[in-house]
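Single-letter residue listing:
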Amino acid sequence: TYTGIPADKQLGVGWAHQVHVDDRPMLAEQWKAGIASGQPFELEFRIRGSNRQYRWFQTHASPIRDSNGSLVRWLGTSTDIDDRKQGDAMRARLGAIVESSSDATISKTLDGSILTWNGSAEKMFGYTAGEIIGRSITILLPPTRRHEESEIIAQIKAGKQLQHFETVRLRKDGTHLDVSLTVSPIKDANGTVIGISKIARDITAKKQAEESLQQQRRLIELSHEPIFSLDTERGIVQWNRGCEHLYGYTAAEAMGQSSHQLLQTAF
């Protein structure tokens, strides 16, 4: 039924013509070795179907012996494992992507126990996979942030995804780390939430840059020197206290104005 070829044309070596050409040398070699051993053995190879497409099968071969123990024939069963092979390949690809990602990728149970931990997570937090798998995710949370875990789990159990949640986590050495989290539910085939996937991105440098920029803005705002910023399309976008004192316009009056028109500039 699968091959679309009558049984009588499969007898002898006819069955081998449906095997993928790339798999035939391996098949011949392993089949020969298996027969020589006289012991049960298994093979995996692709067989062409009636639709001209190939699917992976696992063949199990068992020797049949007579009352004297002499091997008289072999019994073979072939099981379609193509879906499993495709799934294995997909998991391998996903695993490679996760492992090569610069973001920490972590999975955990619904009670917070860590299940997987990629290389970037090791670099980011300082724990090796052997040290942290099986432990609670709360080891990464500062005491003042412990409440976040129960809130995250509640959202995930409801089937929701948490994106770009900025918070603080702990490294192994006790230092704090600014991170942006994307948290998603892991579901089984029935759609039931069975775990949690978490991607953490280190945003410490970004936070430091933002804080530095805020400090600069505060210094500019408090400066007695007149300083303003001009956007070529939007007009004046920053007008500090020094400008208010010197020119007499408040920041609200100056915002969005052309500096030449507002100040009646003459060159």
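Residues numbered from 1 in each chain as written. Predicted model: local features only at pLDDT ≥ 70, side-chain atom pairs only at ≥ 80, totals over all residues. Heavy atoms only, no water.

Chemist: So what exactly am I meant to see when it comes to the overall build of the protein here?
Modeler: Each helix and strand counted, the protein has 9 helices and 10 strands in total. Here the C-alpha atoms of the protein give a radius of gyration of 34 Å, more than 25% beyond the 18 Å that 2.2 N^0.38 yields for 267 residues. Per-residue burial over the protein gives 30% buried out of 267 residues. By sequence separation, contacts in the protein at least 24 residues apart represent 34% of the contacts at least 6 residues apart. Carbon and sulfur atoms make up 53% of the accessible area of the protein, which amounts to about 16900 Å² in all. Computing the positive centroid from 32 side-chain charges and the negative centroid from 32, the protein places the two 6 Å apart. (Helix = DSSP H or I, 4+ residues; strand = E, 2+ residues; numbered from the N terminus. Rg over C-alpha atoms; globule rule 2.2 N^0.38 Å. Buried < 20%, exposed > 50% of the residue type's maximum accessible area, 1.4 Å probe, protein only. Contact = heavy atoms within 4.5 Å. Areas by Shrake-Rupley, 256 points an atom, 1.4 Å probe, with all protein chains shown as cover. Lys, Arg positive; Asp, Glu negative; His and termini not counted. Charge placed at Lys NZ, Arg CZ, Asp CG, Glu CD.)

Chemist: Can you walk me through helix α5 (residues 147–157) in this structure?
Modeler: It helps to recall that an α-helix has 3.6 residues per turn; residues three or four apart then point in one direction. Looking at α5, one finds that the buried residues are E148, E149, I152, I153 and I156. The arc that holds the buried residues of α5, viewed along the axis, is 130 degrees, so those residues lie on one side. For α5, the exposed residues set more than 90 degrees away from the buried face come down to S150 and K157. In the core, the buried residues of α5 are packed alongside β4 (104–108), β6 (162–170), β7 (176–187) and β8 (193–202). (Arc of directions from axis to C-beta.)

Chemist: For this particular structure, what's the right way to read the sheet that holds strand β1 (residues 41–48)?
Modeler: The pairing of strands in a sheet happens through backbone hydrogen bonds and is either parallel or antiparallel. Pairing in this open sheet of 3 strands is antiparallel, and the strands run β1-β2-β3 from one edge to the other. Two strands bound the open sheet, and with one partner strand each, they are β1 and β3 (71–80). When the angles between neighbouring strand axes are averaged without regard to direction, this sheet yields 30 degrees. Sitting on the sheet, helix α1 (residues 24–37) is in contact with β1, β2 (54–65) and β3, with an inclination near 150 degrees to β1. (Pairing = 2+ DSSP bridges. Axes fitted to C-alpha atoms, helices over the stretch in contact; angles between N-to-C directions.)

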